[in-house]
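Commentary on secondary and tertiary structure
The lines below spell out each chain.
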Amino acid sequence: VYLRNSGLTFSQIGVLWSVVLVSTTISDFPTGNLADKYGRVKVYSLGLLLMGAGKLLLGFGSSFFVFLAGAILMGIGQAQMSGAFTSWLMDKLQGLNRPKEEIPRRFGTAQLIGSISGASMGLILGLTLQGGLQIALLASASLNIANAILLPLVVVDNYGSRTSTWASISKESAKHFMRSWVLIL
């Protein structure tokens, strides 16, 4: 609703959300390994910062290209958050000696709750705030940025394997991607 009220066409809005999804997909492969090497809290915080910056661009955007830049930042930020959280959750569940078959169910449940919550809040805000959607978007961006700053100060970071280099992680991720027709599709 906010993007439509900002003067974007339905086609432009579709392109923006496609860009969010593509940038998330492309940047998602090495994020778990990056979180293992550099710290899950740091990578998650970077994702929050990028997400907040993307929302600021959407909130203050005046042209389609500014909105497009915001969409790219949001997609990359979302990937960083997802990869860091996934690595952290996998370690925690394995540390609790949970059966391997339980782990996918936990991820599925978390994804379901996140999707339902996000869609519900978007619908509620879209229908109730009308003219105040920019304020809600900017408030959300501010919370993302504040959390990105506070999180490393209050949460002890944890790591996985720290032996890989960023280049080797990216190279292995690209090889894995290119060998999987499902991922390419």
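Refer to the structure presented above.
The present account deals with the structure reproduced in this document. (Residues numbered from 1 in each chain as written. Predicted model: local features only at pLDDT ≥ 70, side-chain atom pairs only at ≥ 80, totals over all residues. Heavy atoms only, no water.)

**Quick word on the overall build of the chain**
The test is simple: In DSSP terms, a helix is any run of H or I states spanning at least four residues, a strand is any run of E spanning at least two, and both are numbered starting from the N terminus. For each residue, the accessible area found with a 1.4 Å probe, counting protein chains only, is set against the maximum for its type, and the residue is called buried under 20%, exposed over 50%, and partly exposed in between. Note on contacts: a residue pair qualifies if any of its non-hydrogen atoms lie within 4.5 Å across the two residues. Only the protein chains shown count as cover for residues, with accessible areas throughout obtained via the Shrake-Rupley method and a probe of 1.4 Å.
Helix and strand counts for the chain stand at nine helices and zero strands. The secondary structure elements of the chain, listed N-terminal to C-terminal, are α-α-α-α-α-α-α-α-α. Counting over 185 residues, the chain shows a buried share of 34%. Contacts spanning at least 24 positions in sequence make up 78% of the contacts within the chain whose residues lie at least 6 apart. With an accessible surface of roughly 11,200 Å², the chain has 69% of that area assigned to carbon and sulfur atoms.

**Overview of helix 7 (residues 133–154)**
How we decide: What a helix should span is 1.5 Å times the count of its residues minus one. Two axes are fitted around each residue, one to the seven residues ending there and one to the seven starting there, and the angle between them is reported as the bend at that residue.
The end-to-end C-alpha distance of helix 7 is 31 Å, a good match for the 32 Å that 22 residues give at a rise of 1.5 Å each. In the structure, helix 7 departs most strongly from a straight axis at alanine 148, where the bend amounts to approximately 25° and where the proline proline 152 lies between one and four residues downstream. What helix 7 keeps buried is the set Leu133, Leu137, Leu138, Ala141, Asn144 and Ala148.

**Details of the packing of helix 4 (residues 40–60) against helix 5 (residues 64–95)**
In plain terms, the rule: Lines fitted to the C-alpha atoms define the axes, with helices restricted to the stretch that makes contact. Angles between their N-to-C directions range from 0 to 180 degrees. Our angle categories are set so that under 35 degrees counts as roughly parallel, over 145 as roughly antiparallel, 65 to 115 as roughly perpendicular, and the remainder as oblique. Helix crossings fall into two classes, left-handed where the near helix is turned counterclockwise from the far one by less than a right angle and right-handed where it is turned clockwise. Gly is placed with the polar residues, together with every amino acid not listed as nonpolar (Ala, Val, Leu, Ile, Met, Phe, Trp, Tyr, Cys and Pro) or charged (Asp, Glu, Lys and Arg).
It is at 7 Å that the axes of helix 4 and helix 5 come closest, and there the two elements cross at 155°. By the angle class used here, helix 4 and helix 5 are roughly antiparallel. When you trace helix 4 past helix 5, the crossing you get is left-handed. Among the residues making up the contact of helix 4 with helix 5, the classes are represented as 18 nonpolar, seven polar and three charged.

**Description of the packing of aromatic side chains**
The way to describe two aromatic rings as a pair is by their centre distance and the angle between their planes. The cut-off we apply is this: Centre distance within 6.5 Å is the pairing criterion for rings of Phe, Tyr and Trp, where only the six-membered ring of Trp is used; planes under 30 degrees apart are then read as stacked, over 60 as edge-to-face, and the remainder as tilted. In our convention, an over-ring charge means Lys NZ or Arg CZ found within 6 Å of a ring centre and within 35 degrees of that ring's normal.
Using the criterion set out here, one finds one aromatic pair in the structure. For the pair phenylalanine 64 and phenylalanine 65, a centre-to-centre distance of 6.0 Å together with 70° between the ring planes defines the contact as edge-to-face. The ring of phenylalanine 10 carries arginine 4 above its face, with NZ or CZ at 4.3 Å from the centroid.

**Here we look at the nonpolar core**
Where we set the bar: To qualify as a nonpolar core, a set must consist of buried Ala, Val, Leu, Ile, Met, Phe, Trp, Tyr and Cys residues joined through side-chain atoms within 4.5 Å.
Counting residues in each nonpolar core, the largest one holds 19 residues, and the members touching the most others are Tyr2, Leu3, Leu8, Leu16, Leu58 and Phe67. Looking at this core, the elements with two or more residues in it are helix 1 (2–5), helix 2 (10–28), helix 4, helix 5 and helix 7. It is helix 5 that provides the largest number of residues to this core, a total of six residues.

**Side note on a nonpolar patch on the surface**
Applied cut-off: Patch rule: a residue counts if its relative accessible area is over 30% and it has no salt bridge; like charges are joined within 9 Å, and nonpolar side chains (Val, Leu, Ile, Met, Phe, Trp, Tyr) within 5 Å. Salt bridges are defined by distance alone: a side-chain nitrogen of Lys or Arg within 4 Å of a carboxyl oxygen of Asp or Glu.
A grouping of Ile149, Leu150, Leu153, Val154 and Val155 is seen on the molecular surface, where their side chains present a nonpolar patch of about 500 Å² in accessible area. Considering the arrangement of structural elements, one finds isoleucine 149 in helix 7. According to the relative accessible area criterion, isoleucine 149 is exposed, its value standing at 52%.

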